[in-house]
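Topology and contacts: notes
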Amino acid sequence: MTATVDLRGGLDARGLPRQALVAVDLAQVEPDEALASALAQHRDGIVVGVSDEPLPDTPGTRALLDGLDVLLAPSAPGSAHAGGRADLAELSEVVEANPVAAVTLKRVLRAGEGIGVDAALTLESLAYSTLLAGSEFRGWLGARDRRAGEDRPQRVEVERPGAELVIRLARPWRRNAVDAAMRDALHEALEVALLDPSVEEVVLRGDGPDFSAGGDLDEFGSAADVAVAALVRTSHSVARSVHDLGPRLRCEVQGACVGAGIEIPSFAAHVTAAPDAWFQLPEVRMGLVPGAGGTVGIPRRIGRWRTAYMALTAGRIDATTALAWGLVDECTGS
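Now for a look at the structure at hand. (Residues numbered from 1 in each chain as written. Predicted model: local features only at pLDDT ≥ 70, side-chain atom pairs only at ≥ 80, totals over all residues. Heavy atoms only, no water.)

**Quick notes on the side chain of Ser266**
The residue Ser266 is located in the loop between helix H10 (260-263) and strand E9 (270-273) in this model. Here the side chain of Ser266 touches Ile298 through a polar contact of 3.5 Å, landing on its backbone nitrogen. Those residues in contact with Ser266 that lie beyond four places of it in its chain are Gly297, Ile298 and Arg301. (Helix = DSSP H or I, 4+ residues; strand = E, 2+ residues; numbered from the N terminus. Polar contact = N/O pair within 3.5 Å; in protein donor to acceptor, adjacent residues only side chain to side chain. Contact = heavy atoms within 4.5 Å.)

**Section: the packing of aromatic side chains**
Under the counting rule described, the total for this entry stands at two aromatic pairs. Ring geometry for Phe137 against Trp140: centres 5.8 Å apart, planes inclined by 25°, an arrangement best described as stacked. Of this pair, Phe137 and Trp140 both sit in helix H6 (residues 135-142), three residues apart, which is roughly one turn of the helix. Taking NZ or CZ as reference, Arg304 lies 4.6 Å from the ring centre of Trp305, over its face. Just above the ring of Trp278 sits the side chain of Arg316; from NZ or CZ to the centre is 3.6 Å. (Phe/Tyr/Trp six-rings, centres within 6.5 Å; stacked < 30°, edge-to-face > 60°. Lys NZ or Arg CZ within 6 Å of the ring centre and 35° of its normal.)

**Considering the sheet that holds E9**
The strand order across the open sheet formed by six strands is E4-E5-E6-E7-E9-E12, and the pairing between neighbours is mixed. On the outer flanks of this sheet lie strand E4 (156-159) and strand E12 (330-331), each paired with one strand and no other. Pairing of strand E7 (residues 249-253) with E9, which is carried by four bridges, proceeds in the parallel orientation. If you follow Arg250 over to E9, its bridge partner there is His270. The strands touched by helix H7 (residues 180-195) are E4, strand E5 (164-169), strand E6 (201-206) and E7; relative to E5, the strand with the most contacts, the crossing angle is about 175°. (Pairing = 2+ DSSP bridges. Axes fitted to C-alpha atoms, helices over the stretch in contact; angles between N-to-C directions.)

**Some words on the environment of Arg62**
Tracing the sequence through the fold places Arg62 in helix H2 (residues 59-67). Residue class for Arg62 comes out partly exposed when judged on its relative accessible area of 43%. Residues Arg62 and Ala177 lie 115 residues apart in sequence; the distance between their C-alpha atoms is 39 Å. For Arg62, the contacting residues outside a window of four places in its chain are Asp57, Pro77 and Gly78. (Buried < 20%, exposed > 50% of the residue type's maximum accessible area, 1.4 Å probe, protein only.)

**Overview of the pairing of strand E2 (residues 46-50)**
Among the five residues in E2, five count as buried, and that is most of the element. Burial along E2 is two-sided: the residues Ile46, Val48 and Val50 and Val47 and Gly49 are all buried. Relative to E2, strand E1 (residues 21-25) runs parallel, the two being bridged by five bridges. Across the sheet, residue Ala23 finds its bridge partner in E2, namely Val48. For the handedness criterion, the β-α-β arrangement of E1, helix H1 (residues 33-40) and E2 is classed as right-handed. By the bridge criterion, three bridges tie E2 to strand E3 (residues 70-72) in an arrangement that is parallel. Bridge pairing links Val50 to Leu72 in E3. (Right-handed = clockwise from strand over helix to strand, strands pointing away.)

**Observations regarding the pattern of salt bridges**
If the charged atoms of two oppositely charged side chains come close together, the side chains can form a pair. Following the criterion strictly, the structure yields 27 salt bridges and no others. Arg107 is paired through a salt bridge with Asp44; the nearest N and O atoms lie 2.3 Å apart. Of this pair, Arg107 sits in helix H4 (residues 99-112) while Asp44 sits in the loop between H1 and E2; the two residues are 63 residues apart in sequence, bridging distant segments of the chain. The closest approach of N and O atoms between Arg240 and Asp118, which form a salt bridge, is 2.5 Å. Taken together, the residues span a long stretch of sequence, with Arg240 in helix H9 (residues 238-245) and Asp118 in helix H5 (residues 117-132) at a distance of 122 residues. Looking at Arg240, the relative accessible area reads 16%, which means it is buried. (Salt bridge = Lys/Arg side-chain N within 4 Å of Asp/Glu carboxyl O.)

The structure is reproduced here in structure tokens:
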């Protein structure tokens, strides 16, 4: 019954989505192929399915889920469901405030499903760099005060006990925020492990109470040339190096794992989380999409629906939920 769903697509005269968010009450529609196809073709807005009841595992339901970008329901087949009806207001607020970033996220997540990791990382970097030049990001940047305070040159520490290489994010005074210097140092350390077959295991950790609070906000928007920045980001991709190390690398996280602080670990073969670990993707609120591999590594762990939910609500996910979803592989110390 597609008549019960308002799907006004396209862009307005300003180039913005006419309908940035479509909420579909799944109790009021029949999950048939026609509706599924109509939802999947709604390219210029976020389609959110809402249900107060668990969804059955039927062919019709699975087809319907494929047309959704986010599903707020108690349970559903696979990894589609996340959160509940109460999350719709917060999700709507983020999408309405940043419709270009939200729709870009949708398109990148969908396009990234059918391509390899390297190509998907390139797609993400190009989308991220495009949004750096957009009005939504400029608005966020203009409303933000840059922090002042002492910094230190140390970014990453590396130890080599035997056949194990231990890499630590070593900037706890800034909650291990990832700036360009840390990215480059981390990439170099991982490349050493890739080139040295005698390194049998790599362990990635973060000093202090937090694994990483994400990208260093004081560097956001500081690139003189966003096109060059896109090339640097893909050439020095920490996410790609973590992915290439495969089963040789495990990651141990605690406290805040925000933005890059979960995007990078999502590529690890095994992620261990302390009980106090929490996870967040705040980039859409800034007018951006995840830019450290989050649209690639995270959906390969938890599916694009839950990835979109995390990014479009910017809500915190605790360690227990992260384990249940598969965002991490083990919780320790509980």
